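Spelled out from the first residue to the last, the chains are:
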Amino acid sequence: WSDKLIWVKEYIGENAKKRLILSHNKNLNKGDFLIDDRLANGAGEFEGKLIRFESDEFPNWEVVIDYFEEKISNLLLNAASIVAIDLSAVFIVPMK
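Throughout, residues of each chain are indexed from 1 in the direction in which the sequence is written. Where local features are concerned, this predicted model is filtered to residues with pLDDT of at least 70; where side-chain atom pairs are given and counted, the filter is 80 or more; whole-chain, interface and lining totals use all residues. Hydrogens are left out, water is left out, and the side-chain values use all remaining heavy atoms of the structure.

1. Notes on a negative patch on the surface
Defined as follows: The patch calculation keeps residues exceeding 30% relative accessible area without a salt bridge and links them within 9 Å when they carry like charges or within 5 Å when they are nonpolar (Val, Leu, Ile, Met, Phe, Trp, Tyr). Per-residue and other accessible areas follow the Shrake-Rupley method at a 1.4 Å probe size, with only the shown protein chains counted as cover for residues. What makes a salt bridge here is a side-chain nitrogen of Lys or Arg within 4 Å of a carboxyl oxygen of Asp or Glu, nothing more. The sign given to each residue is positive for Lys and Arg and negative for Asp and Glu; His and the chain ends receive no count. A charge is said to be at NZ when it belongs to Lys, at CZ for Arg, at CG for Asp and at CD for Glu. Segments assigned H or I by DSSP are reported as helices when at least four residues long, segments assigned E as strands when at least two residues long, and all are numbered from the N terminus. With a 1.4 Å probe rolled over the protein chains alone, any residue whose accessible area is under 20% of its type maximum counts as buried; one over 50% counts as exposed, and the rest are partly exposed.
Residues Glu62, Asp66, Glu69 and Glu70 make up a contiguous surface patch of negative charge. By the secondary structure assignment, Glu62 is in helix H3 (residues 61-78). Since its relative accessible area comes to 56%, Glu62 is described here as exposed.

2. Section: the packing of aromatic side chains
Spelled out, the test is: Note on aromatic contacts: the rings of Phe and Tyr and the six-membered ring of Trp form a pair at centre separations within 6.5 Å, being stacked when their planes are under 30 degrees apart, edge-to-face when over 60 apart, and tilted otherwise.
Scanning the model with the defined rule gives five aromatic pairs in all. Ring centres of Phe33 and Tyr67 lie 6.1 Å apart, and the angle between their planes is 85°; this geometry places the pair in the edge-to-face category. Linking Phe33 in strand E1 (residues 33-36) with Tyr67 in helix H3, this pair joins segments that are 34 residues apart in sequence. Classification of Phe33 by relative accessible area gives partly exposed; the value is 35%. Among the aromatic residues, ring-to-ring pairing joins Phe33, Phe58, Tyr67 and Phe68 into one connected group.

3. Points about unusual backbone geometry
One non-glycine residue with positive phi stands out, namely Asn41, at about 55°. Within the secondary structure, Asn41 sits in the loop between E1 and strand E2 (49-52). Its relative accessible area of 34% is what places Asn41 among the partly exposed residues. Despite not being glycine, Glu54 has its phi angle at roughly 70°, a positive value. Here Glu54 lies in the loop between E2 and H3. Residue classification places Glu54 among the partly exposed residues on the basis of a relative accessible area of 46%.

In structure tokens, the structure reads:
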């Protein structure tokens, strides 16, 4: 799994590396989003939104990034009372 750790450190940064959890039991993770290319190892039972990479809905990283940019934009538009948003827990981790 060292290749995943190296990718995260290089493209997302040290904060993400320190908070990275790699697991074969993905359904045990708690969160709003999981990005994976398969339903195996609990991804299909994940309680949040499964971003199924390389599917018809999310065929590539550009589409995934557009999805999150729209989510963030809608959050900002609909949350006039928010003073600050902490995006330090938003990670996109490829599983390939």
